[in-house]
Each structure stands twice: as C-alpha cells, then as structure tokens.
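Each chain is listed here by its residues.
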Amino acid sequence: MLITRSESSALGSCLGPFIKRLEKNREKSGSRIVLALDSVGGKERYSFEDAARLISEVSPWICSVKLGLPAYFSLGRDVSKLTSVFEGIPFLADFKTADIPHTNQLILGYLFGELGFGGAIVHAFIGPTALSSAREVAELHGAEVLSLVGMSHLGADLLNSNMDNMIKLSAGAGISSLVVPSTLPEMISRARRSAPSSQIFSPGVGVQGGSPRTTLDAGADYLIVGRSITGSDHPATSAMEMCRQCN
Ligand code: NUP
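Residues numbered from 1 in each chain as written. Predicted model: local features only at pLDDT ≥ 70, side-chain atom pairs only at ≥ 80, totals over all residues. Heavy atoms only, no water.

With that out of the way, let us pick up the packing of aromatic side chains. Overall, the coordinates contain four aromatic pairs when judged by the stated rule. Residues Y72 and Y110 carry aromatic rings whose centres are separated by 6.4 Å and whose planes lie at 85 degrees to one another, so their mutual orientation is edge-to-face. One end of the pair, Y72, is in helix α4 (residues 69–75); the other, Y110, is in helix α6 (residues 101–114), with 38 residues separating them in the sequence. Of the aromatic side chains, those joined through ring pairs into one cluster are Y72, F95, Y110 and F117. (Phe/Tyr/Trp six-rings, centres within 6.5 Å; stacked < 30°, edge-to-face > 60°. Helix = DSSP H or I, 4+ residues; strand = E, 2+ residues; numbered from the N terminus.)

Here you go:
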C-alpha cells in the first residue's frame, strides 16, 4: 500500500512547526534522539530540578524531549515550567491520546495550550474523524500530532497487524508523522515504503532491544530513547555514544 501523491499533498507536503523545530535541532546537534523522560536515574518520582539537570546534561546530544504520564505524575503543572525553561527544545507529549473527538480536544488543548508541548502522540486506531479533529486542535495551537501505528512491546500483534490501515487512515487525516517500533525494523521499512514522505519516530531503542543503526537503516528519522540514557550513571556519555552509533 502506497500513500498516493494526492494524499501526500493533502499532508501539506511541507513540514509542520514541530517537525521544523525538530529538524533544526537535529541539524544543530547532529542528533536524532528524542529523550523519553519517564524516570531519572532509575527514580520513578523526580523533581523539576532532577529533570532540568538531566535535560541540561544531555541537551547537546538530543533533538527533543518526550514526556508522558510518568513525567506528569512527578511534575504536574511544572511540566510547563520545563517546556518554557528549555524553550529551544521541542517537547513531545506521549499520552497516547485515544478518546472521542471532544475529549481528545480537551486533552490536547491542555497539552499544547497550557503545558507548552509542540507535538503529541495519538493512537491511530481511533479512526479518521477523531484523528482529523486531533490534527485540527493541534493546528489551532501551532502544534502537531503524531500517529501511533505500531507498538514495540511483545504481544502488540493486534495493533501491529493493522499498521498498513492505520498509516492510510493517518494520511487521510492529514497526519504525516508516524510512531513505528524499533523492535520490529521490518515494520519501519514497510511504513517507509508506504509513506515515503512521512517522519518516522521509533521507540524501543536500547533497553527494549532495538538497535539505533538498524532502526535508522530501516527508514526511521528519529529514535525515541529512554532508560538507556535516563537510567545511566553517565547520561551525557550514554547519549553521546548512542548519537555516535547513529552517524
Ligand atoms: O510502542 C511504543 N513503545 C514505547 O516504548 C510506543 C511508545 N510511545 N513507547 C515509549 O517510548 C514508552 O512509553 C517510553 O516512554 C519510551 C521508550 O522508553 P525506553 O524503553 O527507551 O526506556
């Protein structure tokens, strides 16, 4: 299944604001790493200072930071302090939003409007209407949604066996950024072939077994990396080393 030219021009063929900022950061840092900040130094609960220190330390080696519920449980509304202190870094919200359009709008409005995220991951299985409405809310805030079309953990077969449909749905809804698992590089290659102009974000690198080089060679643009960096005794060295393996 290939996304047709008209579908890809419906994507605006141009990059959205979040991706543009990401690309700029990637060029500057030479890094394709999106840091997943779920824990810090193995700690489930961490302070604003812990998070800020870690981001500062690894910032030369990353192009973006991804925060989800674990970060929100630690920081609450201080997430907005983080996104404003590090205003040069595009922040990605990973709440895997998967609700009805109205509720999605409330969630995404808060993430973009109040917490300062530039992008947010939504589940593609919610279907065309909910995906389009999520994309519209994002646009209102000058932000973007990324569509999760596969997952990296064992047993995600029900979702993963529907990736091709979900890529098509995402394109139809005007979403060109996809989340595809690093642990299944063949899915990345397939996603890349079906949607050549998409931006592919790939989680599962490192602790979950995905390799940076294989993931990029399969066609990913960005690697989402958490514990290999956040749990390291020397996060900057680990980030630098992973970055080196990407180039
Ligand atoms: O399929 C997915 N797999 C995955 O690991 C989709 C995700 N969004 N993630 C997220 O990526 C996960 O929630 C975590 O924040 C990050 C991977 O972290 P780590 O396994 O590198 O520590």
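The discussion continues.
Attention now moves to the site of the ligand. In the vicinity of the ligand there are 16 residues, among which D38, K66, S152, Q208 and R227 approach most closely. One of the side-chain N or O atoms of D94 is found 2.8 Å from a nitrogen atom in the ligand. In this structure, an oxygen atom belonging to the ligand sits 2.8 Å away from a main-chain N or O atom of G226. If the ligand stood free it would expose 480 Å²; the protein chains cover 89% of that surface. Judged by the fraction of its atoms near the pocket grid, the ligand is located in the largest pocket. Counting only elements with at least two residues in the shell around the ligand, the list comes to β3 (91–97) and β8 (222–225). (Near = heavy atom within 4 Å. Polar contact = N/O pair within 3.5 Å; in protein donor to acceptor, adjacent residues only side chain to side chain. Areas by Shrake-Rupley, 256 points an atom, 1.4 Å probe, with all protein chains shown as cover. 1 Å grid on protein atoms, 1.4 Å probe; cavity = no way out; pocket = protein on both sides within 12 Å on 5 of 7 lines; lining within 4 Å. Sits in = over half its atoms within 2 Å of the grid points.)

This next bit is on the nonpolar core. Judged by nonpolar contacts, the single largest core of 61 residues is most densely connected at L37, L67, L82, F91, L108, F117 and V180. Looking at this core element by element, the count peaks at six residues for helix α3 (residues 48–58). Excluding residues that lie within four positions of it along the chain, V180 makes contacts with V149, M163, M187, I188, A191, I200, F201, S202 and P203. (Core = buried A, V, L, I, M, F, W, Y, C linked by side-chain atoms within 4.5 Å. Buried < 20%, exposed > 50% of the residue type's maximum accessible area, 1.4 Å probe, protein only. Contact = heavy atoms within 4.5 Å.)

Averaged over every residue, the pLDDT of the protein chain is 94; residues scoring 70 or more account for 94%. Scored below 50 in pLDDT, residues 3–13 shows 15 contacts in the model against residues more than four places distant or in partner chains. (pLDDT = per-residue confidence, 0-100.)

Within helix α9 (residues 163–172), the full set of buried residues consists of M163, M166, I167, S170 and A171. Buried residues along α9 cover an arc of 140 degrees about the axis, so they all sit on one side. (Arc of directions from axis to C-beta.)

Further remarks concern the layout of surface pockets. Volume-wise, the largest pocket comes out at about 470 Å³. Counting only elements with at least two residues in the lining of the largest pocket, the list comes to β2 (64–68), α4, β3, β8 and α12 (227–230). With three residues, the single largest contributor to the lining of the largest pocket is α12. Taken together, the residues of the lining of the largest pocket break down into eleven nonpolar, nine polar and five charged. (Points joined across faces, edges and corners; volume = space filled by probe spheres on them. Nonpolar A, V, L, I, M, F, W, Y, C, P; charged D, E, K, R; others polar.)

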